[in-house]
Structures are given as C-alpha cells and as structure tokens.
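What follows is each chain in one-letter form.
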Amino acid sequence: MRDRRLLAVYCASPTFGWRRRYSARMVAPVLFGEALVLGLASGPACIAACGPVLVPAMLTGQGGMRPGVRTLSVFLAARLMGYLLFAVVAWELGTLASLLPASRMLLMGGVNVILAGVLFWYAYSAGHICGHACSEPKLVTIGAAESHRTRGAAVLGLLTGLSLCPPFVAAGFRAAQLGSVFQALLFFTFFFVGTTVWFVPYVGLGCVVRNQAVVTVARMAMALIAVYYLLMGIAMLLGRKAYGY
Amino acid sequence: MATEVCAPRLVRPERRSIARSLLLTLPILLWSLLMFFHPGSSAEWESRIAAAITAVFMVALFFMMMRTGTTYRWRRCFLVSLGVLFPVGFIHNLFVMRGSMGIPVEEMIAGRTPFCFMPIPTLILPAAFTRTIAFPGSIVPAGSAASHGIAAMVGMWLALTLVMGKGWCSYACFFGGIEEGVAAVPKRAKIRKLDGRWRYGPWAVLLAMVLLSFALFEPAYCAWLCPFKAVTEYISARNVLGLVQNVIFILLFAGLVIVLPYLTKKRTQCSYFCPFGAFQSIFNKISVFEIRIDKTRCKSCAVCQNACPNLSLSKESIARGETLLSCMKCGACVDACPQQAAVWHIKGTDVAVKPERARLLFLYGAWAMAVMFGGSIIAQGLATIFHFLA
C-alpha cells in the first residue's frame, strides 16, 4: 500500500503529468534514442553486474569463437526475455511498483538465491557430464557439455535479466513514465541493445585455451560466487533482521 | 605432495670465508644503516633500540646466507619474525588511533584505513572503468590514512614485483610469515596427500574476487574472504551480516593459517587460497630470476618437491627442468637438493652456469626490499613490545 501511495504521489507530480500528456505525441526516435543512449552509458555497469555469472560460465564451456558467440547470444537473448518479462509483469501489477525499495529487496533476494542454486548446479554438473563412457567421474570433462551449456546460459541470462542492477532500475523508472506497456517494452528493448554493445568483448573468452586448469578454475570460481549470491540473497530476504535497518 | 622419498647423499655448498662473507654483506650493511639509523631524530628510545636490533638481525641473517651458501632457513627466520611482529605493531596502532581492532563503516567511508597490498588485483578493473578505486582511501594523496596515496603504494609494489616476481611472497608478505611459522612447528607432516588440483584454488579466488569487486564496487576479498582480518582490523559488526563476515574471517584464518599448515608443513593459505599470490605469479613470467632444475644432475628423488612449502614443484615440472608458475623463490628446493640440481638462474643464460651469481644478484634485490619493507615492520613491532615492557 505504501509503495502504491508513493507511486501515486510520483505520478501526480508535474513532470510525470507532462510526460504522460506528451508521451503519445512524442517523437519515437527521440524516446528510443534516449533508451539506447541510456543503455550505452550504463554498459560498463551492466558488464560488471553480469561478469561474475557470465565469465565463469563461458570458461566452463567449449573453446573457440563460434561456441563463445553462441553461448553469449543465448545468454543475452534470455537476458532480454528477463527484461521484457519484468517490464510486462511489473507494469500490469502496478506500474513498476516493484521497483520501490521494499519490493526490490525481496525480488532481488529471491533471484539471488535461485541464481546461487543454478551456479552451484552449473559448477557441479560441468564436471560430471561425460561425452564418453568414462568409468569414473572426472573433475573436468572438456567440450562435452553442449546442451548443458546452452540451457545453463539461458537460465543464467534470464536470472541476470531479472536482477535489478542500478542501470536496470534507472531504465525501469524511465519506462514507468511512458504511456503504454508497448512503449515500455520497446524502451527496454532499445535499452538492452545499448547495453549489449558492451558485451561484445566477452566473445573473446572463447579464445581462452580450455584445459584442465582453466575449466577447474572457472568451476571453483563459480562455486565461490554462488556462495556469495546465496549469502546476499538470504540477507535480502531477511531484510531488517540481517541488515539491522 | 605424495612423493617417494629416497635419501641420496647431500652435497653441501662450500662455506665462504668470514672475510669474503663480510665483504659480500657490506652493501646490505650500508643499506640497513641508511634505513634504520637517523642521527638527530626525535624518536623514542624504544624505537631507536628496536631499529638497532632489527638492523643487526637483518645484516646477521644476510651474512649467514653468504657464509653458508644456503637461503631458506635464514629467510624463514626473517619472515616468521615479520609475521609474528606485524600484528603486534599493527594492532597496537589501531588501539592507539581507534581504541579497537574493529573498523566502523564511517572510518572506511572517510578512507581512514591503512592500505594493504592484498586488494591490488581487485582494484584494476574498477579503476580502469571509473578512474577511481574500490578501496577506502584515495588514489592520490588526499589526507587519508594512506598519506602518500594508494597510487604511490601500488607503484612501489609494482617496481619491486617486476624485479622479483613472486619473490614478494617470500621476502615481504607478513601474512605468509605467520603460516610459515606455524608450518615450522611440527617435525613431520601429518597430512602428506592432497589433490594437486587444489593448486588452482588461488586462481579461482582471484577470478571470483576480481569479478565481484567490479560488480559490487567494493574490495570483495577484504569484505568477505581475508583470513588475516582475524589478526588485523575486522569489520565492526553492527548487524547479522557483519557478524557472518567476521565468522568467515576467523574460520578461514583458523583453517588455512593455523590448522592446515600445522598438519601439512606447507603454506596452505598461499598454496590453495591467496588471490594476491596467484596475481603475483603472473609476474614470474616477467622477472628475470627463477629456479631451474639441472636435468643432467637431477636423480628424480623428489626431495625438492617435498621441501617446497608452496607446492610449486610437480613430477612433470621437474621433468621439464623448471618450477611451476607459483614458485616463490624461497630457496627451499635449492637448499634441499642433494645433487645441487635445483639452481638459481637468470633468464637468458645457460642453466647451472654460475648459479651462485644468480642467487647473489637476486638476494641483493630481495634483501634490500626485505630490510626496507619488512625491517621497518619488525622494528615497529619490537618498539611496541619495548614500550609495554618499559
């Protein structure tokens, strides 16, 4: 209720009203240019926020540029799905009310816990998928995790798409000022395109040599990052009990 | 670690004459005088005595290195002293300045926290993208606790590292000194078999911490994983999360710095965990000094492999005639090798041709840094003890 009241106050503000009145007539290229520029400007924060998930995931996969591009594409496509899903649901459920702090903490806490679970699964399963009939499980089996990697990249992309990193919140607030859900979706799409440019260098991870050392390091790092997300997720879900305020 | 140990005849290096050893020690003696004696200064008597003792200690250790031709045990005396005395001086300073070992958030925001070299690898990406650093302090002098600015500290570290590579961990890291001291306590290792793949641990921690620091814009290692927070400054816990952080620090310290070194006689924190050590290893590629195995002399007895405190030798690496990238240049393998097959080496020269010259050149640089960096910490620790005794 409190969130909705806050939102009502915000929507009644002169700036918001002005934007609502003019949004229908607004020139679309300007609006979506703004989304693109916002995405481009926020790119470093986006690659930083996705790095802990994406880098180890790519390093546990197959080497080479083409597999790297494929994994990154799946990750980004799923991330876009996460963006759009969030935009639609949030818009329908109360004009992006869930971007307000209390709801945001709960949502992020939940996403972080799920993300931790997926990372644990990813790190564990990457070593147990054998492309051949191995008599004993090996710590690392390189290049035999094709379908596993695609599914994993998609799940990780979706979850990072739902994580409310600062640039995403900024875009969300801007999208909330638009007149229709369709415009909000387009705004998020252009924002996504802007941020995606920054992800291109990650394709280079495909060129990193895959050997036992690299894959094992990536898996260990993934497990460690998963522990961090789990801790933070639990803390966010506990809210005041964990943070004391 | 699981290796067969034979007992070949130990060929000791020849002892130098006292006069020659003194002559070789002279540059370090002069350097120590420059570092520790400041006539006319207004220092307390405790500080003066501590400085004098430290100078004598450092010069004596170097003299013994020259006289005996061995390195490891003398270097260990220094590093363990450094590891033991660092917390003494540091914690005393914290109590004088802050009245507690706990650092509150306000102090961190104000940048009033001493700079530590451990987060250096995690500063790079945030600094590259935002031109600021993810550490409480200022990158250039701005009145913070790191009064010379963190850039100056990083610059000094870089200069020393380019010369010595991972030698930093053997001649400067006070944290390593603590576990080396613990590892020296038992006569024999209780655990002798550890999976070699755990050697990748430091790289994994490095990767995770660099990525998390970039994502969160905080020194993630300092905030969550540093075992040495237990003996330096911990986070002033005001909520459950802070308490969890401190519990993690204490558990890591107890496990990696006390229990495992005692059981394995190895520097386990350095070998399996330390991200800074992994980062430092990269500079072994640049440094001209290294340890090589003379394949014509090596009998594959694995004595060097067992002696290495950092698991930087494997059967495969010995067969290749080299150490692993993580070699700290502590000299344990060189001193232990019964055939004198493990030798100091300068890149670009023939292996085992005048190895003592390579050792001398390396030791002058390493010991000069040890005197300047570690010596001042030892002197501060001693001064603190004298202060309490007086």
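The shown structure was predicted, so the numbers you read here are calculated from the model rather than taken from an experiment.

Let us now look at the overall build of chain A. Looking only at helices and strands, chain A features 10 helices and zero strands. When the helices and strands of chain A are placed in sequence order, the string is α-α-α-α-α-α-α-α-α-α. For chain A, buried positions account for 38% of its 245 residues. A separation of at least 24 residues holds for 85% of the contacts in chain A among residues at least 6 apart in sequence.

Right, let's get into helix 11 (residues 240-264) of chain B. All names here are of chain B. Between its terminal C-alpha atoms helix 11 stretches 34 Å, which fits the 36 Å expected from 25 residues at 1.5 Å a residue. Along helix 11, the helix axis deviates most sharply at Gly255, where the bend reaches about 30°. Turning to helix 11, its buried residues number three or more, namely Gln245, Phe249, Phe253, Leu256, Val257, Leu260, Pro261 and Thr264. Residues of helix 11 that are buried make contact with helix 8 (174-183), helix 10 (220-225), strand 2 (234-235) and helix 12 (268-272). Count one or two residues on from helix 11 and you reach Lys265, which has phi positive near 60°.

Now for the confidence of the model for chain A. Residue and element names in this part refer to chain A. Here chain A shows a mean pLDDT of 77. Residues at 70 or above account for 73%. Contacts from residues 14-19, a stretch scored under 50 in pLDDT, to residues over four places away or in other chains number four contacts. Long-range and interchain partners of residues 129-144, a stretch whose pLDDT sits below 50, account for 22 contacts in this model, where long-range means more than four residues apart.

Another point: the pairing of strand 3 (residues 289-293) of chain B. All names here are of chain B. Burial within strand 3 is extensive, with five of its five residues counted as buried. With burial as the criterion, each face of strand 3 is covered, one bearing Phe289, Ile291 and Ile293 and the other bearing Glu290 and Arg292. Relative to strand 4 (residues 342-346), strand 3 runs antiparallel, the two sharing five bridges. Looking across to strand 4, one finds that Arg292 is bridged to Val343.

Across the boundary between the two partners, chain B contributes 19 residues, which contact 22 residues of chain A. Of all elements in the fold, only helix 9 (201-216) and helix 11 of chain B reach the threshold of two or more residues within the side of chain B that touches chain A. Looking at the side of chain B that touches chain A element by element, the count peaks at 10 residues for helix 9 of chain B. Class assignment for the residues of the side of chain B that touches chain A results in 15 nonpolar, two polar and two charged.

This next bit is on the packing of helix 7 (residues 166-176) of chain A against helix 8 (residues 181-196) of chain A. Residue and element names in this part refer to chain A. Packing of helix 7 against helix 8 brings their axes to within 10 Å, and their N-to-C directions diverge by 150°. When the axis of helix 7 is compared with that of helix 8, the two are roughly antiparallel. When you trace helix 7 past helix 8, the crossing you get is right-handed. Residues Pro167, Ala171, Arg174 and Ala175 of helix 7 lie in contact with helix 8, whose contacting residues are Ala184, Phe187, Phe188, Phe191 and Thr195. The class makeup of the residues in the contact of helix 7 with helix 8 is seven nonpolar, one polar and one charged.

Note that soluble globular proteins tend to have their nonpolar side chains buried in a common cluster. Leu119, Ala221 and Ile225 of chain A together with Ala204, Ala208 and Ala370 of chain B are the most contacted members of the largest nonpolar core, which has 174 residues in total. Residue contributions to this core peak at 15 residues, all from helix 17 (residues 355-389) of chain B. Contacts of Leu119 of chain A, omitting those with residues within four sequence positions, involve Met222, Ile225, Ala226 and Tyr229 of chain A.

About the thresholds
Residues numbered from 1 in each chain as written. Chains lettered and ligands numbered in written order. Predicted model: local features only at pLDDT ≥ 70, side-chain atom pairs only at ≥ 80, totals over all residues. Helix = DSSP H or I, 4+ residues; strand = E, 2+ residues; numbered from the N terminus. Buried ≥ 20, exposed ≤ 12 C-beta atoms within 10 Å, placed from the backbone. Contact = placed C-beta atoms within 7 Å. Expected span 1.5 Å × (residues − 1). Bend = angle between axes of the 7 residues up to and from the residue. pLDDT = per-residue confidence, 0-100. Pairing = 2+ DSSP bridges. Nonpolar A, V, L, I, M, F, W, Y, C, P; charged D, E, K, R; others polar. Axes fitted to C-alpha atoms, helices over the stretch in contact; angles between N-to-C directions. Parallel < 35°, antiparallel > 145°, perpendicular 65-115°, else oblique. Left-handed = near helix turned anticlockwise from the far one by under 90°. Core = buried A, V, L, I, M, F, W, Y, C linked by C-beta atoms within 7 Å.

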